[in-house]
Amino acid sequence: ISLLSAILVIALMARILPPDAAAIMLDIKRGSWPITVQNILWLAFFVGLGELSLRWYSGRLEESQFDRDYLPLDEETVLRPGDDITPIYQKVRSSKYRNVCFLPRLIERCVLNFNLSQSVDQTNSLLNSSLELFLHELDLRYNMIRYITWLIPSLGFIGTVIGIMLALNYAGDRANVESPEMLYQVTERLGVAFSTTLVALVMAAILVFLQNLIQGKEETMLNRSGQ
């Protein structure tokens, strides 16, 4: 879906943007069009947005678990092994999110441990260690996003180097030395080359901003689950 969306956006921009803007955003004047560094940047950018949308959906799913009343919220309630704990365990086991979301996974682990050991200290220790493991698991889910936010600026710099190389090759061609348009052609190529880095940095900034917002939300949901 992300790749298809990127292709549609590229096609739409190619049709509606003015020539100068299309040259900056898409490098549409390149002879190899549509295979350009800018278009590859758009593909990577939309893949990153797709990954972030999955993480945002996961955060919403985690948030929805707090409305399922797995545990009594009355602070005066004291849970004891056996009859108090068994209904909670059965409710969690019947949930389709028991292997997906943090809250039911934490409850299932702690209930099993408490029923077996009947020790609050051991259960609390298990809770703390599980929270550390889940935090590490959550961090691993963002590996692809972190790679994409590194890849996009790298592609931008590669596009700039390619543009500078092509501009210098054009200027160094003896056939173009006497051409009255040589200076214009060289500066135009250099302008497009530097626009590649500009587009890449803006894309990376947007992805990093969204990543921090969404990852912060997921970590908040994990903290609420532990509480």
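Residues numbered from 1 in each chain as written. Predicted model: local features only at pLDDT ≥ 70, side-chain atom pairs only at ≥ 80, totals over all residues. Heavy atoms only, no water.

Draft legend 1. Summary view of the packing of aromatic side chains. Counted by the stated rule, this structure contains five aromatic pairs. Each ring, one from W42 and one from F46, has its centre 6.4 Å from the other, and the planes form 45°; the classification is tilted. Placement of both W42 and F46 in helix α3 (residues 37–64) is noted, with a separation of four residues, approximately one turn of the helix. The buried category is assigned to F46, whose relative accessible area is 15%. In textbook terms, an aromatic cluster arises when at least three aromatic residues are bridged by ring pairs, as seen for W42, F45 and F46. Over the ring of Y142 we find R55, and its NZ or CZ is 5.8 Å from the ring centre. (Phe/Tyr/Trp six-rings, centres within 6.5 Å; stacked < 30°, edge-to-face > 60°. Helix = DSSP H or I, 4+ residues; strand = E, 2+ residues; numbered from the N terminus. Buried < 20%, exposed > 50% of the residue type's maximum accessible area, 1.4 Å probe, protein only. Lys NZ or Arg CZ within 6 Å of the ring centre and 35° of its normal.)

Draft legend 2. The packing of helix α2 (residues 19–26) against α3, seen in detail. α3 packs onto α2 with a crossing angle of 65° between their chain directions and a minimal axis gap of 7 Å. In terms of their interaxial angle, α2 and α3 are classed as roughly perpendicular. The segment α2 lies against α3, with A23, I24, M25 and L26 engaging Q38, N39 and W42. Taken together, the residues of the contact of α2 with α3 break down into five nonpolar, two polar and no charged. (Axes fitted to C-alpha atoms, helices over the stretch in contact; angles between N-to-C directions. Parallel < 35°, antiparallel > 145°, perpendicular 65-115°, else oblique. Contact = heavy atoms within 4.5 Å. Nonpolar A, V, L, I, M, F, W, Y, C, P; charged D, E, K, R; others polar.)

Draft legend 3. Main features of the nonpolar core. By size, the foremost hydrophobic cluster in this structure holds 27 residues, and its most contacted members are L41, W42, F45, I152, M203 and L207. Contributions of two or more residues to this core are made by α1 (2–16), α3, α5 (102–117), α6 (120–140), α7 (143–172) and α9 (182–226). Counting residues in hydrophobic clusters, the runner-up holds ten residues, among them F66, Y70, I88 and F114. (Core = buried A, V, L, I, M, F, W, Y, C linked by side-chain atoms within 4.5 Å.)

Draft legend 4. Spatial organisation of the packing of α5 against α6. One can describe the packing of α5 onto α6 by two numbers: an axis separation of 9 Å at closest approach and a directional angle of 155°. Between α5 and α6, the angle falls in the class roughly antiparallel. Every pair of crossing elements has a handedness; the one defined by α5 and α6 is right-handed. Contacts between α5 and α6 pair F102, R105, L106, R109, C110, N113, F114 and S117 from the former with V120, Q122, T123, L126, L127, S130, L131, L133, F134, E137 and L138 from the latter. Broken down by class, the residue content of the contact of α5 with α6 amounts to eleven nonpolar, five polar and three charged. (Left-handed = near helix turned anticlockwise from the far one by under 90°.)

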